[in-house]
Amino acid sequence: MMLLLTLLIICFSPGGLGQLEESQFGNDAELADFDLDIAPRRVPRQVKTMLTKETKPHIQELSIKTTIISRYAFTAVYCAMLNRHSAATEGVFQFQIPANAYVSNFTMIIGGRVYQSEVRPKEKRVKQENGKPKNKESGDASPEPEVEVFRMAASIPGRNRAIFLLTYEELLQRRLGYYEHMTSLRPLQLVSRLSLDVTIVDHSTITNLEVLPLRNGKSTAAANSAAGPNAPKTPAKLEPPVTTVIKNEKNVCKITFSPNIVQQAKITTSGVLGDFVIRYDVQRDMGIGDIQVLNGHFVHYFAPKDLPVVPKNVVFVIDTSASMLGTKIRQTKDALFTILRDLRPGDRFNIISFSNKIKVWQPNRLVEVTPLTVRDAKKFIFTLATTGGTNIDGAIQTGSSLLRDYLLRPDTSPNSVSLVIFLTDGRPTVGEMQSTAILGNTRSAVQEKFCIFTIGIGNDVDYRLLERMALENCGMMRRINEDADASSMLKGFYDEIGTPLLSDIRINYTEDSVRYVTQHLFTNYFNGSEIVIAGKLTNQSTESLHVQVTASNNDKSIILETDVPLRHRQIETEKHVKKATAAMAGGARVPGSAVAQGLGNALGVIADDFVERVWGFLSVKEGLRSRLRSQTSKEREGHTQQATNLSLNYHFLTPLTNLVVEKPEVLADGTMAPAPTMPPASAGEGVSTANELPGVPEEEKPQKTNGKQGGQISSMRNTIGKVERRPAKKSVTISKTSADGDPHFVVEFPLSKLTVCFNINGEPGHILRLVSDHKHSGVTVNGKLIGAPAPPGSHKQQRTYFSTITIVVDHPKRAYIEVTPKKVILDGRDRMVLPCHSTVTVDSGALSVSIVGNSNVTVAVGGNISFVILLHQYKNPAPYQRDHLGFYIGRSKGLSHNCHGLLGQFLYEEVGLAELPAQGDTKPSPILKVKDRSVPVVQKNRKIYSGTQSVDCWFARNNAAKLIDGQYEDYLMSHMFDTGNWPHGTNRV
């Protein structure tokens, strides 16, 4: 599934962009005086003067909406800039995002035209216009700083406005017993309307919620420490920023921050407000953790508590080369003094310093933690002096040998946790200097007996070497910026790994019930952290999933196991997703910000798939780590391809992808360059006249708008389709050949004057091939099933419905349409997201789509192929009801005689009806003759077209056995865009 979170959906709804331009751009006088009307209160003279002297485009509005569902955060940023000058001016959109996050969409709306980004595989030495974080390297997956800067510059025509829409996603990591969410508020100028809305929804009760004062440091990493740089200086309770409003319920929490322009100026006139930081945790029960299930995917959160601490063996390896002189070595010593004080009785430790030479505090042994040994270690640290070069390989070999020899002793605790903590501020300059050789030597020295945790300070560090060293040896890498508080960050990093509770953790699930499970073997679990695993369910009709957790704690083995009721968990997960979408829909509204108000609705659409996106997010992270650990080029290429495909599938900007967007062309006079338009296709054009669907009531029909530039959508190649809101036809004509409801398949044979029907009892998450004509007409139609409980009294255990239908066209060029009950994604000349509640027609070259709001979607491919998709939506659904789709074939003349699929294979067939002679007391039974096969049938009546019509049909039992070619499994597709051919050739016999 490709996420196209194009937040321009509001542009296509009634009262959308056409009206927006007219009401919000206004006339020239209003543009000139915009500064005076930015707030309903008196603006101080110095602030007004500052605004009027500003030459760069003014940010009229910056609206940020975040929804955190079970620790997975979706953030949408809306920024509106106004160029009040007559000449074109460059506008720069710049926003800091957490390094752990992935950008999932970027859109610009300039001069009424939409410029939609596209995620592409990264190609070396190919110059492209990219929107990407400045700190992202274009080569290997190098470790990143704590934040990145997404930056895009574009020309804004004179007296015009630009809208920038950015979305990004991240899985919050639990450290030291809490989750932390950070939003950067650095617009670099005072903003007329600034708002931040954060909604937290969790399956468990939200606890220990706090909003910190705005954090202004250049590095945010210090906050990962329990005793961050602010803590010692402000021992009193920290107050949230002014105007912050917190509404905290049991499972839902809403935080808003909306300082007016005067309140912003009191904080700073530079526009650098700082980081808005939220910390919280959730209540946990003892056991195997929290498992959530949604749409064929699961996510498992495991964070045990109240366990005895496992003793640890730790060797500190500290760089004392000449470059550590001054603040670095002083802060490192301060941190080590504190860390030594926190060592526990039962721990063993040693200290190594290295430059040109390597010094070991206590040669050939690890010492017990006692007041005397801690005092002597502090003396050794105090006397460390900085001099010489950097012998990284020698230091690692010495520390590894020291720890390895200790672990070979018979009196060593078998379940203790062993660590090397390695710190440097430079690259290797002495001894072995080749990274590959250092890594190979390290692997040989470690022998998978302990873990290495690496820390880099400053900008002259080979971070790729440090991260590979950590990843290959079950550790983590932490980066400390040059100007950061290294002492508190070092202490914070040690606190994260200083309290091991479990080792050798293995989490297993019922065999053959899950697949594509992310990492489920872990060397250590540290207090205050969390293990997160995600995967896909292979059989969603299974009542339960058996989960087993095995681990070691000190001298004991721990086994936790239980059976997880999958259907119950699915229902519970759906409930808190609904809470999230309801909370977003009821969020703060900013008057006059029509597009900004659509952010919450757009986030609600993708919230429905948050468990799958957690799986995609973790799988990409895991693929990048595996790529970094690869020992051979073949292995590396395999991991690269896998991570790239996942990144493209979920529209993630990662180290392996680029986010490409075309910039608008502005003429010398400051106006937008004209773009050619194409005439739209009429709704329902070219479909058969077999049957009719009711149209839209007169009062619901959209009215023609004063178009201006509002209906035009630009493409990556500066060719555009056209969107029009106009009255739809009173009826949509389609045939009976369809797949609707549970799903019930109906096939009309006009030549034989017969109608046949059958059911397909599929599994939720399965993707069915409905029409397959890829080799000839280039058309493929796939449908994805979603599950629902059966209604009371039903003989079935569950029902399935179509939740998504994708139509892929490969001629004359590739394009597709993806339809869900809430939205239509069209990717032809341009990529657009259209809401299903609006009525609109879009022509995109090979494909055209016509939506009748909340009723149906007609897709036309050329002049001879059309499909109609019915929208079945429930305002207040019962537990067994799901919004779903019905698929009907309209005109099929353009499909070839080799067409296949569950419906496509019958388009050019003839069937006959016969009777089997009576045998004994049995009556004659009807059979259907299809392709030289005899299929037993019975007569039934089916309702079609949303129940408005009934059809008599001959019903084939047993999942359409003998009626369809092959078996049910032959019609399963690997993904929604799979155009693979029918595995047994054509349907001709």
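Because the structure is predicted, anything quoted here is derived from the model rather than measured.

Caption draft 1: Region of the structure containing helix H6 (residues 371–382). A rise of 1.5 Å per residue sets the reference length of H6, with its twelve residues, at 16 Å; its end C-alpha atoms lie 17 Å apart and thus fit the reference within 8%. Listed as buried for H6 are Thr373, Val374, Ala377, Phe380 and Ile381. One face of H6 carries all of its buried residues, which in axial projection span an arc of 115°. Opposite the buried face of H6, at more than 90 degrees from it, the exposed residues are Pro371 and Phe382. Looking at the buried residues of H6, the elements they touch are helix H5 (327–342), strand S20 (348–354), strand S21 (358–360) and strand S22 (367–368).

Caption draft 2: Here's a closer look at the sheet that holds strand S26 (residues 500–509). As summarised here, the arrangement of the four strands in space is S28-S26-S30-S31, forming an open sheet in which the pairing is antiparallel. Strands at the two margins of the open sheet, each flanked by one partner only, are strand S28 (521–526) and strand S31 (556–565). Along the sheet, successive strands turn relative to each other by an average axial angle of 25°, direction set aside. With five bridges connecting them, S26 and S28 associate as antiparallel partners. Directly across from leucine 502, in S28, lies its bridge partner tyrosine 525.

Caption draft 3: The arrangement of the packing of aromatic side chains in detail. Enumeration according to the criterion identifies 27 aromatic pairs in this entry. Their ring planes at 45° and their centres at 6.3 Å tell us that phenylalanine 316 and tyrosine 494 sit as a pair that is tilted. Pair noted here: phenylalanine 316 is in strand S19 (residues 312–319) and tyrosine 494 is in helix H10 (residues 486–497), with a separation of 178 residues, a long-range link. Assessed through its relative accessible area of 2%, phenylalanine 316 is described here as buried. Arranged with centres 6.4 Å apart and planes meeting at 65°, the rings of phenylalanine 453 and phenylalanine 493 form a pair that is edge-to-face.

Caption draft 4: Here's a closer look at the pairing of strand S4 (residues 102–110). Taking burial as the measure, the nine residues of S4 include nine buried ones, the bulk of the element. Here S4 pairs with strand S9 (residues 160–171) via eight bridges, running antiparallel. Within the sheet, the bridge partner assigned to asparagine 105 lies in S9 and is threonine 167. Counting the residues in the hairpin turn of S4 and strand S5 (residues 113–116) gives two residues, including glycine 111, whose phi is positive at 60°.

Caption draft 5: Structural context of the environment of leucine 870. In this fold, leucine 870 is placed in strand S49 (residues 865–872). Exposure remark for leucine 870: the relative accessible area of 2% places this residue in the buried category. Spatially, the C-alpha atom of leucine 870 lies 4.4 Å from that of asparagine 856, the residues being 14 residues apart in sequence.

Rules used throughout
Residues numbered from 1 in each chain as written. Predicted model: local features only at pLDDT ≥ 70, side-chain atom pairs only at ≥ 80, totals over all residues. Heavy atoms only, no water. Helix = DSSP H or I, 4+ residues; strand = E, 2+ residues; numbered from the N terminus. Expected span 1.5 Å × (residues − 1). Buried < 20%, exposed > 50% of the residue type's maximum accessible area, 1.4 Å probe, protein only. Arc of directions from axis to C-beta. Contact = heavy atoms within 4.5 Å. Pairing = 2+ DSSP bridges. Axes fitted to C-alpha atoms, helices over the stretch in contact; angles between N-to-C directions. Phe/Tyr/Trp six-rings, centres within 6.5 Å; stacked < 30°, edge-to-face > 60°.

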